[in-house]
Amino acid sequence: MIERSEDAAAKRPSFFTELKRRNVIRIAGLYLVGAWLVVQVAETLLPLYDTPGWVLKSIVLLLAIGFVPALVLSWVFELTPQGIMRESEIDRSHSVVDQTARKLDIAVILLLVAVGAMVVFKPAPRVPATPTAQAAAAKAPKTAPAEAESGAEVASIAVLPFADLSQAGDQGYFSDGMAEEILNVLAKVKGLQVASRTSAFGFKGQENLGIPAIAKQLGVRHVLEGSVRRAGGTIRITAQLIDAEVDRHLWSETFDRPLTAENVFAIQDEIAQSIVAALVAALPSAEVGSVSRPVSAANLGAYDNYLQARALVQSRRQLELADELLEQSLQQDAQFAPAWELRAAAQALIGEYTSTPLTTEELEARGFEFAERALALAPDSSLALAVKANLRSRAAQTLRKRQDLAQVIADFERALEIDPNNANALNWLGLTWGLVGYPGRALQSFQRCVQIDPQASACTENEYDMLQALGRGDEAWQHYLASLVHGATTDQYTNFNLLARFEQKAAFLFASNQSKYLPRWRRHEALYAAHRNLDTDHGELVREILEFAKAERIAVDNGYVVLLLLPLGAHDLLPVVPQLWAGESRRYRQSPQFKHFIRESGVYDYWRKTGFPKQCRPVAKDDFDCD
């Protein structure tokens, strides 16, 4: 008995032999090769449809989970001409496992061929930016890529906000500042089209869209992305330039340096220089100029405070805190011109967006002082020149001081010669053209501003206002709707006559109830009805509102309530520039208050020097009329 058992054990095939006979090993190889191929195909195709990253991760997880069940099934079952049967139920003398093995061998060979083709033809994946990757890119042949099918200029770029990889995650203002400084340098490179900051930074947190999709929406061919990590006394900055048309790296680098102001600005300069060099190498037909070195701070604390303040000023929030941060920055480095010019620009915003104890005259004086300090350090400061011109234009608009408006316009144009992409200068120049009676030129300036910075709400709002003033109401309405769709408007300014014209009663009533207009007034429907019929005398309604505003301590000279009351006959109020030439202000232009405004602001002097606009004409020796 013992001998027969030993003989039976000797005849029993080994476990490995049985795995081979049942094709378990072939199934394992086929599964692994097939799974790898599925993952590679998914990794290539899913980004084309902006598929979230979790989809690919789910595919990999499901394939991994399915591996063991596939092996178990191949051990337990066999594929026969009669279908799938349990292996224990099949007469081994009639088994077709050898035929199945040959079929599996052919399937594995075909999959391996497909894998080889995938390896050869799959686009190169985007890799982390490292010195090794940069060196490899530098050795690559410099051939010109195909023209962009998207229609974007080949010499065009967007700088995305850099990721904050600091441990505490509290350095967003610094990583954003790094990206913005690089953007500002690139924007001054001749022949290079750079997407505006607000457009590019609008994709912050949306990196899962994929670089090609982001580039298409921004209308650019190239994208710079990166990250910043601050830790103690060191900084690591990673940057990579991508040709979005083919999703391929042109340049990448990682910088590990001691954290000093000198190193921060040196890295910014090196990145900008490397980007331009990479673009020149990749685009031999493009005429791209050289990089000019930006103004830098000598003190890291000064630069850090400046970046925090700039983020607040750009978002129009906590402006008094921004002013304090800029003051600290300048105490640390009094020679840092960008801090002076930003503090100058912030003064007008403080008066407009906050309840500051400072008077308009005090803010204006501070703005001039800070702009002068900036120009003493940087005579070609476009922003400082524009700030001074804007302060003089605002003084004219509010009748605080008569101005030489021809010189104001010349100063704006000088600022734009230095920096054609200065959106603030374009907006302020547009308002000044509107002040002197040239709404067509004003519209061009606002349109240029919107082209540079589509999210600049001031330019967007002034653009549709000026379209309405030019009698292009339908276009104005479409631009207004588009600004709402794209988030390029604010909750403060409202064109009430546009809403009334297109019978948007609910929107009109909601806006007129807001805090800058007439909160707690009980007859908003009467306001709407009056704006629907401007040719009627609304003197009694205006008197009621003015008495109510006085009792409620609502400022009617804040530049907001006048939007509601001037078209209704409150001609003693100072007009807002877009109202001056609009159709709803026809009666105001026939009033003595209008003539007083034109004379005291300096507009009449401008006309006598340069000529009258088409809607106005000289009368007798020292008088004029306007339509």
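Below or above, wherever it landed, is the structure these notes cover. Everything numeric here is computed off the predicted structure, so don't read it as measured data.

1. Details of the nonpolar core
In terms of nonpolar packing, the biggest core is built from 162 residues, with F162, L186, L224, I271, I275 and W607 touching the most fellow members. When near neighbours in sequence (up to four residues on either side) are disregarded, W607 contacts V436, W581, I598, F612, P613, C616, F624 and C626.

2. Side note on the pattern of salt bridges
Considering all chains together, one arrives at 27 salt bridges under this definition. The closest approach of N and O atoms between R414 and D380, which form a salt bridge, is 3.0 Å. Of the two residues, R414 is situated in helix α16 (residues 405-418) and D380 in the loop between α14 (360-377) and α15 (382-397); the sequence distance between them amounts to 34 residues. The network of salt bridges with shared partners includes K595, R599, R608, D622, D623 and D625.

3. A few points about the packing of helix α27 (residues 592-601) against helix α28 (residues 603-610)
Relative orientation of the contacting elements α27 and α28 amounts to 70°, with a least axis distance of 4 Å. It follows that α27 is roughly perpendicular to α28 by the angle criterion. Where α27 approaches α28, its residues I598, R599 and S601 are matched on the opposing element by V603, Y604 and W607.

4. Focus on the environment of L165
Structurally, the position occupied by L165 is in the loop between β4 (163-164) and α7 (172-187). In this structure, the C-alpha to C-alpha distance between L165 and R229, residues 64 residues apart in sequence, is 4.8 Å. If we skip the residues at most four places from it in the chain, L165 touches S227, V228 and R229.

5. Structural notes on a nonpolar patch on the surface
Residues L61, L62 and I65 make up a contiguous nonpolar surface patch of roughly 330 Å² in combined accessible area. When you line up the elements, I65 lands in helix α4 (residues 53-76).

6. Here we look at the environment of Y31
Structurally, Y31 is set in helix α3 (residues 24-45). Separated by 35 residues in sequence, Y31 and G66 place their C-alpha atoms 9.2 Å apart. Ignoring any residue separated from it by four or fewer positions in sequence, one finds Y31 in contact with L62, L63, G66, F67 and A70.

7. Some words on the pairing of strand β9 (residues 616-619)
Every other side chain in a regular strand lies on the same face of the sheet, so the side chains alternate between the two faces. Looking at chain direction, β9 and strand β10 (residues 623-626) are connected through four bridges and run antiparallel. The partner of P618 across the bridge, within β10, is F624. Counting the residues that bridge the hairpin from β9 to β10 gives three residues, and of these A620 lies at a positive phi of roughly 55°.

8. A closer look at unusual backbone geometry
Although it is not a glycine, E503 adopts a positive phi angle of roughly 55°. Mapped onto the secondary structure, E503 falls in the loop between α21 (496-501) and α22 (505-512). One non-glycine residue, A620, lies in positive phi territory at about 55°. Tracing the backbone shows A620 in the loop between β9 and β10.

9. As for the packing of helix α18 (residues 439-452) against helix α19 (residues 457-469)
Any two packed helices are characterised by how steeply their axes cross, that is the angle between the axes, and by the distance between the axes. Where α18 meets α19, the axes come as close as 9 Å, and the angle between the chain directions of the two elements is 150°. By the angle class used here, α18 and α19 are roughly antiparallel. Remark: the crossing between α18 and α19 carries left-handed chirality. Here P439, A442, L443, F446, Q447, C449 and V450 of α18 lie close against α19, whose contacting residues are C459, T460, N462, E463, M466 and L467.

The rules behind the values
- Residues numbered from 1 in each chain as written.
- Predicted model: local features only at pLDDT ≥ 70, side-chain atom pairs only at ≥ 80, totals over all residues.
- Heavy atoms only, no water.
- Core = buried A, V, L, I, M, F, W, Y, C linked by side-chain atoms within 4.5 Å.
- Buried < 20%, exposed > 50% of the residue type's maximum accessible area, 1.4 Å probe, protein only.
- Contact = heavy atoms within 4.5 Å.
- Salt bridge = Lys/Arg side-chain N within 4 Å of Asp/Glu carboxyl O.
- Helix = DSSP H or I, 4+ residues; strand = E, 2+ residues; numbered from the N terminus.
- Axes fitted to C-alpha atoms, helices over the stretch in contact; angles between N-to-C directions.
- Parallel < 35°, antiparallel > 145°, perpendicular 65-115°, else oblique.
- Patch = residues over 30% accessible without salt bridge, like charges linked within 9 Å, V, L, I, M, F, W, Y side chains within 5 Å.
- Areas by Shrake-Rupley, 256 points an atom, 1.4 Å probe, with all protein chains shown as cover.
- Pairing = 2+ DSSP bridges.
- Left-handed = near helix turned anticlockwise from the far one by under 90°.

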